[in-house]
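Summary of the model geometry
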Amino acid sequence: MNPLQMVDLKGQYQRLKPEIDAAMQAVVESTAFINGPQVQSFANSLADYLNVLHVVPCANGTDALQIALMALDLPAGEEVIVPAFNYVATAEVIALLGLKPVFVDVLPDSMCLDPAKVRAAITDKTVAIMPVHLFGQCAPMEELMDLAIAQELYVIEDNAQAIGAQYIDAEGGTSFAGTLGHIGTTSFFPSKNLGCMGDGGAIFTQDEELAAVIKQIANHGQQKKYHYSRVGVNSRLDTLQAALLEVKLQHLNDFILRRQKAAATYDSYFNEVEGLSIPSRAPYSSHVFHQYTLQVIPEKRDALKDYLQQAGVPSMIYYPAPLHLHEAYAYLGYKEGDFPVSELLCKCVISLPMHTELTELQQAFIAEKVLRFFQQ
Ligand SMILES: *Cc1c(COP(=O)(O)O)cnc(C)c1O
């Protein structure tokens, strides 16, 4: 049995090596390392895949969020709603741009923004909502979009973790995660579902004017060569990464199926275990399992993590503390108890190895350890 890892990047590379090597070698030979033709070609392919009109590649998923927010030209001090249970990047860019992050609690099952609590948090200073499609599943976008439309708010979807996930609307129609709001963003960090060999990100929108502004901002605010119409940043996707991503995008549906199959296998082991809940599936979303995250009773979570570590099974706590309780955001004045669901989740969650190369043998080994812990 191969060693267990949270993510098996090497195994995936070895399986796809001939295609990947050829695509990357072509860039090396061409020496067009910056803005080579593969960058636009990948952007076009991703736009086709997501059924979105405009894709602007950039340097990483955090830049994507920052550029998306910059493109909306929001006045400093205005409020932007983000989930309290999340990776830091979404809140960080709000604060960096002089806007005010307003944390909101999440739903206990899907762990994404709770629309009822979003509604309660909207004030006359609220200008945008940034839902995060956490762990591979869509936030309840229709309810959030209804709120946003009624209150004239922008919506930026942080889709770093759910590329390829489908939102299912009330009529049964589907749209890809990240294409329902005004702007969507993603990350190609190596461990993400569509990961590159370094940093990368992208911004998508159906809005032609916003797309033009986003392109300018990502390129030093440049309208035409050496003519700067606004203050921008330098945020590019390397040609080497774009060439690799073009290859991997052709496999994204297969990657998703492999993750879903692995999740179903885990489910079959853990379905009936007392003190443990398998990941819930929202009726309005497919799940692409960026993470396979169990919820365990808080008294047992850390002991389970230690037990697994002793047994040679890696696991991770995404996330150990909600954002409102971190020192960096203390200035916002939140306190413990403000977001009980997020706070409890931080004590309950544990993510098991989840990637495209998991074997049934590996999963049986992992499951046996988890089950043994709960039987002791
Ligand atoms: C990974 C991630 C990001 C940031 O992506 P980087 O490419 O690492 O900057 C942002 N938001 C979420 C939810 C993420 O998981």
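Nothing here was measured: the structure is a model prediction, and the numbers come from that model.

A few words now on the sheet that holds strand S12 (residues 276-277). Pairing is antiparallel in the open sheet, where three strands are placed in the order S12-S13-S14. A single partner strand is all that each edge strand has here, and the edge strands are S12 and strand S14 (349-352). Examined bridge by bridge, strand S13 (residues 292-296) and S14 share four bridges and lie antiparallel to one another. Residue pairing for S14: glutamine 295 is matched across the bridge by valine 349.

Next up on the list: the layout of surface pockets. Volume-wise, the largest pocket comes out at about 490 Å³. Looking at the largest pocket, it is lined by 28 residues, and the ones nearest its centre are Tyr87, Gln161, Ser187, Phe189 and Lys192. Elements that contribute at least two residues to the lining of the largest pocket include exactly helix H3 (61-71), helix H4 (89-96) and strand S8 (183-187). Grouping the constituent residues of the lining of the largest pocket by class yields 12 nonpolar, 13 polar and three charged. Both domain 1 (9-249) and domain 2 (252-374) contribute no fewer than three residues apiece to the lining of the largest pocket. By volume, the second largest pocket is sized at about 340 Å³. Lining the second largest pocket are 13 residues; nearest its centre among them are Asn35, Val56, Pro57, Lys215 and Asn219. Elements represented by at least two residues in the lining of the second largest pocket include exactly helix H2 (37-50), strand S1 (54-58) and helix H7 (208-218).

Moving on to the UniProt feature "active site" (unreviewed entry) in the protein. According to UniProt, the positions carrying the feature "active site" (unreviewed entry) are Lys192. One can find lysine 192 in the loop between S8 and strand S9 (201-205). The residues touching lysine 192, leaving out its near neighbours within four places in the chain, are Ala160, Ser187, Arg259 and His290.

Time to look at the site of the ligand. Residues in contact with the ligand amount to 14 residues; listed here are only the nearest, Gly61, Thr62, Asp158, Ser187 and Lys192. One of the side-chain N or O atoms of asparagine 60 is found 3.4 Å from an oxygen atom in the ligand. Between an oxygen atom of the ligand and a main-chain N or O atom of glycine 61, the distance comes to 2.7 Å. Summarising the interface, the protein chains cover 92% of the accessible area of the ligand, which totals 380 Å² for the free molecule. With respect to the detected pockets, the ligand is housed in the largest pocket. No other element matches H3, which puts three residues into the shell around the ligand. Classifying every residue of the shell around the ligand gives six nonpolar, six polar and two charged.

The full count for this structure, using the stated rule, is 17 aromatic pairs. Between phenylalanine 135 and tyrosine 319, the ring centres sit 6.2 Å apart and the planes meet at 20°, which makes this aromatic pair stacked. Here phenylalanine 135, found in the loop between strand S4 (126-129) and helix H6 (141-151), pairs with tyrosine 319, found in the loop between helix H10 (298-310) and helix H11 (340-348); they are 184 residues apart in sequence, far enough to count as distant. Residue class for phenylalanine 135 comes out buried when judged on its relative accessible area of 3%. Overall, the relative accessible area of 11% leaves tyrosine 319 in the buried class. One aromatic cluster in this structure is built from Phe85, Tyr87, Phe135, Tyr318 and Tyr319. Here the guanidinium or amino end of lysine 369 rests over the ring plane of phenylalanine 365, the centre of that ring lying 4.5 Å away.

Thresholds, definitions, all that
Residues numbered from 1 in each chain as written. Predicted model: local features only at pLDDT ≥ 70, side-chain atom pairs only at ≥ 80, totals over all residues. Heavy atoms only, no water. Pairing = 2+ DSSP bridges. Helix = DSSP H or I, 4+ residues; strand = E, 2+ residues; numbered from the N terminus. 1 Å grid on protein atoms, 1.4 Å probe; cavity = no way out; pocket = protein on both sides within 12 Å on 5 of 7 lines; lining within 4 Å. Points joined across faces, edges and corners; volume = space filled by probe spheres on them. Nonpolar A, V, L, I, M, F, W, Y, C, P; charged D, E, K, R; others polar. Domains from an automatic or database assignment. UniProt positions renumbered as here; feature names shortened; annotations may be inferred. Contact = heavy atoms within 4.5 Å. Near = heavy atom within 4 Å. Polar contact = N/O pair within 3.5 Å; in protein donor to acceptor, adjacent residues only side chain to side chain. Areas by Shrake-Rupley, 256 points an atom, 1.4 Å probe, with all protein chains shown as cover. Sits in = over half its atoms within 2 Å of the grid points. Phe/Tyr/Trp six-rings, centres within 6.5 Å; stacked < 30°, edge-to-face > 60°. Buried < 20%, exposed > 50% of the residue type's maximum accessible area, 1.4 Å probe, protein only. Lys NZ or Arg CZ within 6 Å of the ring centre and 35° of its normal.

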